[in-house]
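Fold and contact review
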Amino acid sequence: MNRLRGPAVIGAALTVLSGGIALSGCTAQHSQSDTSEEVQQWLDDLDIDGGDVLTSFRGGAALDWGDLDAIHVAFADDIDASVSHADVYCFGEDRVSVEVRLEGATSATTLREEDVPCDESPHTIDLTMDGVSAVGASAISLEGAAGWAVAVHGTESPSAEK
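Described in the following lines is the structure provided in the data block. (Residues numbered from 1 in each chain as written. Predicted model: local features only at pLDDT ≥ 70, side-chain atom pairs only at ≥ 80, totals over all residues. Heavy atoms only, no water.)

How two aromatic rings sit relative to each other is set out by the distance from centre to centre and by the angle between their planes. If you walk through the whole model with that rule in mind, you get one aromatic pair. Taking the centre distance of 5.6 Å and the plane angle of 15° together, the rings of W42 and F91 count as stacked. Within this pair, whereas W42 is found in helix α1 (residues 37-45), its partner F91 is found in strand β4 (residues 79-92), the two being separated by 49 residues in sequence. The residues W42 and F91 share a single accessibility class, namely buried. (Phe/Tyr/Trp six-rings, centres within 6.5 Å; stacked < 30°, edge-to-face > 60°. Helix = DSSP H or I, 4+ residues; strand = E, 2+ residues; numbered from the N terminus. Buried < 20%, exposed > 50% of the residue type's maximum accessible area, 1.4 Å probe, protein only.)

Glancing now at the nonpolar core. The biggest cluster of nonpolar side chains holds 29 residues, and the ones touching the most others in it are F57, V96, W148 and V150. Contributing elements (two or more residues each) for this core: β2 (53-60), β4, β5 (95-104), β7 (123-140) and β8 (146-158). Discounting residues that sit within four places of it in the chain, V150 has contacts with I48, T55, S56, F57, A86, D87, V88, V98, V100 and A137. In this structure, W42, Y89, F91 and A149 belong to the second largest nonpolar core, which totals ten residues. (Core = buried A, V, L, I, M, F, W, Y, C linked by side-chain atoms within 4.5 Å. Contact = heavy atoms within 4.5 Å.)

So, on to the side chain of H153. Tracing the chain through its elements places H153 in strand β8. Overall, H153 belongs to the buried group, its relative accessible area being 10%. A polar atom in the side chain of H153 sits 2.6 Å from the side chain of D52. If we ignore the near neighbours within four places in the chain, the residues touching H153 are D52, V53, L54, S82, V83, S84, H85 and D87. (Polar contact = N/O pair within 3.5 Å; in protein donor to acceptor, adjacent residues only side chain to side chain.)

Put into structure tokens, the structure is as follows:
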């Protein structure tokens, strides 16, 4: 189970760099974007947690850049997280634009994956970063209602620093 420092911070983002919607462990939180009944059912039924998943994000894709929701998940100070990759899922309209952001104490890596097809299959994004302190993701669909999810894979261990 993830150990998070404080609550996740939710706010409106002006750019896609700021995040999406997140969940920790097994409790799903969904973005406030408009979703069809079919997309909402897919989001409710999707099971992507477990195994080496550090955290996951899911929601209805924003339909306009100005409507993009943001969330930020920070790991506890006493946890060292190493990320190996992220799996991206999409359901609904043709495609979504997804971004995953990894933040570290000494560096930040942002990956933007454009045009992820909505075919319900996982699309793996190779991300490798040690010392990850926070993770975020976001998605936008300019095609219409779509659901998206990102599972961030890796390991966590107690920090050597106190």
